[in-house]
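Summary of structural features
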Amino acid sequence: MLFHLGEDRSLRLDRLTALLDFGLFLRNPVNREFLQLAGSEGRLEAVPSGLSPETLVLAGRQVRLSAISRQTLAGRAARTLPRGWAPERPS
């Protein structure tokens, strides 16, 4: 299943790891360092110019920013996932 992030961008739902509030995420200097590292490694996908990031989406090793709020994306994910679904745990 595809999970819509806004601005004509999607990802496979089984790749979704976390949805984090971008403003809260940036409060910690270690998190800002993480974003810089992800950007320098080419793993960061920013929002289109003119839009402000609201949510940081972790999808495997990819880091994506979305202009849609974390609450909206979380609700969208909850409605998309089958009832009782839980992520697979690595063995």
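You'll find the structure just up there.
Structure report, in brief.

The rules behind the values
Residues numbered from 1 in each chain as written. Predicted model: local features only at pLDDT ≥ 70, side-chain atom pairs only at ≥ 80, totals over all residues. Heavy atoms only, no water. Helix = DSSP H or I, 4+ residues; strand = E, 2+ residues; numbered from the N terminus. Polar contact = N/O pair within 3.5 Å; in protein donor to acceptor, adjacent residues only side chain to side chain. Contact = heavy atoms within 4.5 Å. Salt bridge = Lys/Arg side-chain N within 4 Å of Asp/Glu carboxyl O. Buried < 20%, exposed > 50% of the residue type's maximum accessible area, 1.4 Å probe, protein only. Core = buried A, V, L, I, M, F, W, Y, C linked by side-chain atoms within 4.5 Å.

Describing the side chain of Arg43
- Assignment of secondary structure puts Arg43 in the loop between helix H2 (29-40) and strand S4 (44-45).
- Side-chain polar atoms of Arg43 contact the side chain of Glu41, separated by 2.6 Å.
- The contact partners of Arg43, leaving out residues within four places of it in the chain, are Phe34, Ala38, Arg61, Gln62 and Val63.

Considerations on the side chain of Ser66
- Looking at the secondary structure, you find Ser66 in strand S6 (residues 62-66).
- When residues no more than four places from it in sequence are discounted, the contact partners of Ser66 are Leu5, Arg9, Val47, Ser52, Pro53, Glu54, Thr55, Val57 and Leu73.

A few points about the pattern of salt bridges
- This structure, assessed with the given rule, holds 6 salt bridges.
- Between Glu7 and Arg9 there is a salt bridge, with its nearest N and O atoms 3.4 Å apart.
- Overall, Glu7 belongs to the partly exposed group, its relative accessible area being 27%.
- Between Glu45 and Arg9 there is a salt bridge; the shortest N-O distance is 2.4 Å. Of this pair, Glu45 sits in strand S4 while Arg9 sits in strand S2 (residues 9-12), and the two are 36 residues apart along the sequence.
- For Glu45, a relative accessible area of 26% puts it in the partly exposed group.

So, the nonpolar core
- Counting 11 residues, the largest nonpolar core consists of Phe3, Leu5, Leu11, Leu13, Leu16, Leu19, Val57, Ala59, Ile68, Leu73 and Ala77.
- Those residues in contact with Leu11 that lie beyond four places of it in its chain are Met1, Leu2, Phe3, Leu5, Leu16, Val57, Ala59 and Arg64.
- Membership of the second largest hydrophobic core comes to 10 residues, among which are Phe22, Val47, Val63 and Leu65.

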